[in-house]
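# Overview (structure and organization)
The chain contents come next:
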Amino acid sequence: MNESSLLQRFSERINALKKLPKIQENKSIPELLEEKGFSRRDFMKWASAMTAVLSLPATFAPTVAEAAEVADRLPIIWLHMAECTGCSESLLRTTYPTIDSLIFDYISLEYHETIMAAVGWQAEHNLEHAIEKYKGRYILMVEGGIPTGEHGGYLTIGPHGQTGLKTAQKASEDAAAIFAIGTCSAFGGIQAAAPNPTGSVPLSEVTHKPVINVPGCPPSEKNIVGTLLHYILYGTLPALDAYNRPKWAYGLRIHDLCERRGRFDAGEFVEAFGDSYAMDGYCLYKVGCKGPYTFNNCSRERFNDHTSWPIQAGHGCIGCSEPDFWDTMGPYEEPLADRLYETVFGGLGADATADKIGMGVLTAVGIGIAAHAAISSIKNPKE
Amino acid sequence: MANHETKTLMEREKEFSASYRWQHWIRAFSIVALTFTGFYIADPFITAEPNAEPTNFLQAYMRGWHEIIGWILVAVFFFKAYLFLFTRNHRGELESLKDLTNIQVWKQQIGYYLLIEKHPKLKGIYNPIQFAAYAGFYLMLIGIIVTGLILYVHTTHVGLGAMLYEPMRALEVMMGGLANVREIHHILMWGIIIFVVGHIYMAVYNAVFGKDGAMDAVFSGMKWKHEDH
């Protein structure tokens, strides 16, 4: 699709959205931004940055700005399942109130348990009301894994004592688009780690509707807002990778665009935290960086307004946006070759890595060979 | 004296063709090189010589060689599969399938290694234990090639890497992510190392006790045939 036809498609989509009623009649996004002290220039700078994040040409910045302005037509219902609220924190508690958080906090978040004033019966009513009022129009964002053990009883919320499983399924039914925010909701996350006592599963396993995964522990605010803007612009779900993650954000590995990649290729590695190599900014692979196995755009977008990110701060990536990262990426401060296997023989097999087990088997084979050769040389095989 | 000569008279017999021997040794050396570079990639144990210029590429060279030799292994694997399945010269390998399904031969072969039975007479060129071990080796080889290719498509996004990208990512999902793929690759390497050690021992053992120059065959192609066999 060439630039002008894409631009036209975006404009048609935005015009269609403009015809929809606003969520709050008395507030528009340009007014709100002005009220909160953001100049038009600030807003356009932000829009340009988001354009780059979405890998669109710079000439699309005004269109992206327009798309952000119609975000007040798309209500968002945000559900909390088995989680730590870190994803909400990532979005809402940025270094200072940003344009991203303003759009979410003040305008489009129709229902969000952490920041709403309502409690108890009233909160429950608000959710039901929002689902009813914006049927087929709202965007559902779910944070947290869905416990399915004991028929979902491990997560029971609200005065009706409804399970999270049921709430998530019900809200998914009438959503225009569903985004699983964070690794828990996308892949089960930490509570789904072995032995997964609550039977936590990703959102995509409890609904038959398509789910866009935006994993990360937490995902950056750019990935959350970017997924929303992408939906506003295109009106369809984005191009996805093998794990249903938007390609614009999760198309490459952390490793591919890492600022320390040159050190990796050079074979220059930090040997221990705090050594002189660490001070020189060498590659963190030998102290456990899992960037080579992890798909995300942290190395490009970073966190907190592009301030920093784990590898810049001197600790390797822990692979938090990959499925089952809690089980497959450990130990976090050693290379993957030192991955520990579940203990066997009542704990005697503890601390066993593939290399240790391999050397053990090799030694046993060596002893067997030596014994067989010795016996054979005394008592020759029959001819 | 004349009597003694007739007793030891043996005929030379073609065991392995030239193409078979070449693929065997290319594969053997590539396994050694891949193991070495692979251990380096898993945990870089050599420190690059300090250099003020940004011209160190130790990891990149190791990875580069690992990939180049890996492709040689892939090529040799396909060549061997062709020899095994489609060429008349190597019918002896397929003939071994008949011994593989014969329980009597199995019993006798195990007995031979336990030093209590005579070596069985074989229809093909491999005994059943040997054939099973080779089959296991080839399965591990397929596994390590596939996991290797999954890892490869993330280092090279053009050409073959681009062509293989989508199917390899589907396999990556089946294996539960790239970290698992890398771990399976590592475990299969250990399987191959252990196979190689056992293989060398059995080859030497049969050369020593079989007295038919079995070890010669993989160099010269010729083996000595016992008259009574």
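Residues numbered from 1 in each chain as written. Chains lettered and ligands numbered in written order. Predicted model: local features only at pLDDT ≥ 70, side-chain atom pairs only at ≥ 80, totals over all residues. Heavy atoms only, no water.

## Quick look at the overall build of chain A
Counting its secondary structure elements, chain A contains 17 helices and nine strands. For the C-alpha atoms alone, the extent of chain A along its principal axes is close to 100 × 50 × 40 Å. Sorting the 383 residues of chain A into buried and exposed places 53% on the buried side. In chain A, 72% of the contacts between residues at least 6 apart in sequence involve partners at least 24 apart. Accessible surface, chain A as shown: approximately 16700 Å² in total, 56% of it carbon and sulfur. Taking the 33 positively charged and 45 negatively charged side chains of chain A as two groups, their mean positions are separated by 4 Å. (Helix = DSSP H or I, 4+ residues; strand = E, 2+ residues; numbered from the N terminus. Buried < 20%, exposed > 50% of the residue type's maximum accessible area, 1.4 Å probe, protein only. Contact = heavy atoms within 4.5 Å. Areas by Shrake-Rupley, 256 points an atom, 1.4 Å probe, with all protein chains shown as cover. Lys, Arg positive; Asp, Glu negative; His and termini not counted. Charge placed at Lys NZ, Arg CZ, Asp CG, Glu CD.)

## As for the interface of chain B and chain A
Taken together, the 48 residues of chain B in the interface contact 48 residues of chain A. For the pair chain B and chain A, the two sides together bury roughly 4000 Å², of which 59% comes from carbon and sulfur. Considering only the surface of chain B that becomes buried against chain A, L115, W190 and Y201 of chain B emerge as the three largest contributors, covering 16% of it. For the pair chain B and chain A, the interface holds three salt bridges. Residue R63 of chain B is joined to D265 of chain A by a salt bridge in which the shortest nitrogen-to-oxygen separation is 3.0 Å. At the level of elements, helix 2 (18–42), helix 3 (58–86), helix 5 (103–113), helix 7 (160–174) and helix 8 (178–210) of chain B are the ones that each hand at least two residues to the side of chain B that touches chain A. Here the element with the most residues in the side of chain B that touches chain A is helix 8 of chain B; it accounts for 15 residues. Grouping the constituent residues of the side of chain B that touches chain A by class yields 26 nonpolar, 12 polar and 10 charged. (Buried area = accessible area lost by both parts, 1.4 Å probe. Salt bridge = Lys/Arg side-chain N within 4 Å of Asp/Glu carboxyl O. Nonpolar A, V, L, I, M, F, W, Y, C, P; charged D, E, K, R; others polar.)

## Notes on unusual backbone geometry
Residue and element names in this part refer to chain A. Cis peptide bonds are those with omega within 30 degrees of zero, and the linkage from A194 to P195 qualifies with 5°. Mapped onto the elements of the fold, P195 is located in the loop between helix 9 (183–187) and strand 8 (200–201). A positive phi angle, near 60°, is found at S55, a position not held by glycine. Along the chain, the position of S55 falls in the loop between helix 3 (40–53) and helix 4 (61–69).

## As for the environment of L74 of chain A
All names here are of chain A. Mapped onto the fold, L74 is located in the loop between helix 4 and strand 1 (76–80). A residue is classified by how much of its surface remains accessible, and L74, at 5% relative accessible area, is buried. Taking the C-alpha atoms as reference points, L74 and Y138, 64 residues apart in sequence, are found 6.0 Å from one another. Beyond its immediate stretch of four places on either side in the chain, L74 contacts L17, I23, S108, R137, I139, Y231 and I232.

## Section: the pattern of salt bridges
Counting across every chain of the model gives 20 salt bridges over all chains. The partner of K286 of chain A in a salt bridge is E271 of chain A, with the nearest N and O atoms 3.1 Å apart. Placement of K286 of chain A in the loop between helix 13 (276–279) and helix 14 (298–301) and of E271 of chain A in the loop between helix 12 (261–266) and helix 13 is noted, with a sequence separation of 15 residues between them. A cluster of three or more residues bridged by salt bridges with shared partners is formed by D241, R245 and E322 of chain A together with R169 and E172 of chain B.

## Re the pairing of strand 7 (residues 177–181) of chain A
All names here are of chain A. Strand 7 sits mainly inside the fold: five of its five residues count as buried. A two-sided burial pattern is seen for strand 7, the buried positions comprising A177, F179 and I181 on one face and I178 and A180 on the other. Here five bridges tie strand 3 (residues 139–143) to strand 7, and the two strands are oriented parallel to one another. Bridge assignment links V142 to a residue of strand 7, and that residue is A180. Summarising the sheet, strand 7 and strand 9 (residues 212–214) pair through three bridges and their orientation is parallel. Residue pairing in the sheet places I181 in a bridge with V214 of strand 9. (Pairing = 2+ DSSP bridges.)

## Here we look at the domain arrangement of chain A
Each assigned domain of chain A is listed here: domain 1 (3–250), domain 2 (254–338) and domain 3 (345–378). In this structure, domain 1 of chain A and domain 3 of chain A have C-alpha centres spaced 54 Å apart. (Domains from an automatic or database assignment.)

## Here's the deal with the nonpolar core
General note: in soluble globular proteins, nonpolar side chains tend to be found buried as a group. Counting 51 residues, the largest nonpolar core has W46, L56, F104, M141, L229, I232 and L233 of chain A as its most contacted members. Broken down by element, the residue count for this core peaks at eight residues, all from helix 10 (residues 221–234) of chain A. Discounting residues that sit within four places of it in the chain, L56 of chain A has contacts with L6, F10, T51, V64, L233 and Y234 of chain A. Of all hydrophobic cores here, the second largest spans 47 residues; its members include F16, I31, Y40 and I192 of chain B. (Core = buried A, V, L, I, M, F, W, Y, C linked by side-chain atoms within 4.5 Å.)

## Looking at the packing of helix 1 (residues 3–18) of chain A against helix 4 of chain A
All names here are of chain A. Viewed as axis vectors pointing N to C, helix 1 and helix 4 meet at an angle of 20°, and their least axial separation amounts to 10 Å. Taken together, the axes of helix 1 and helix 4 lie roughly parallel to each other. Note that helix 1 runs across helix 4; the crossing there is left-handed. Contacts between helix 1 and helix 4 pair L7, F10, I14 and K18 from the former with T63, E66 and A67 from the latter. When its residues are assigned to classes, the contact of helix 1 with helix 4 shows four nonpolar, one polar and two charged. (Axes fitted to C-alpha atoms, helices over the stretch in contact; angles between N-to-C directions. Parallel < 35°, antiparallel > 145°, perpendicular 65-115°, else oblique. Left-handed = near helix turned anticlockwise from the far one by under 90°.)

## Section: helix 17 (residues 354–378) of chain A
Helix length check: helix 17 of chain A, at 25 residues, gives a terminal C-alpha distance of 36 Å against a target of 36 Å (1.5 Å per residue), a fit within 8%. Of the residues making up helix 17 of chain A, those classed as buried are A354, G358, I369, H372 and S376 of chain A. Buried residues along helix 17 of chain A sit against helix 5 and helix 8 of chain B. (Expected span 1.5 Å × (residues − 1).)

## Some points on a nonpolar patch on the surface
Judged by side-chain polarity, W22, I26, F57, Y61, W65, I68 and I72 of chain B come together as a nonpolar surface patch covering roughly 790 Å² of accessible area. Taken together, the elements giving at least two residues each to the nonpolar patch come down to helix 2 and helix 3 of chain B. (Patch = residues over 30% accessible without salt bridge, like charges linked within 9 Å, V, L, I, M, F, W, Y side chains within 5 Å.)

## Details of the packing of aromatic side chains
According to the stated counting rule, one finds 30 aromatic pairs over all chains in the structure shown. A ring pair is formed by F187 of chain A and Y243 of chain A, whose centres lie 5.6 Å apart and whose planes are at 75°; its orientation type is edge-to-face. Placement of F187 of chain A in helix 9 and of Y243 of chain A in the loop between helix 10 and helix 11 (247–250) is noted, with a sequence separation of 56 residues between them. Overall, the relative accessible area of 11% leaves Y243 of chain A in the buried class. With centroids separated by 6.4 Å and ring planes inclined at 50°, the aromatic side chains of Y126 of chain B and F131 of chain B adopt a geometry described as tilted. By relative accessible area, Y126 of chain B is classed as buried at 4%. The ring of Y231 of chain A carries the charged tip of R13 of chain A above its face, separated from the ring centre by 5.2 Å. One cation-aromatic arrangement involves R12 of chain B over W224 of chain B; the distance from NZ or CZ to the ring centre is 5.6 Å. (Phe/Tyr/Trp six-rings, centres within 6.5 Å; stacked < 30°, edge-to-face > 60°. Lys NZ or Arg CZ within 6 Å of the ring centre and 35° of its normal.)

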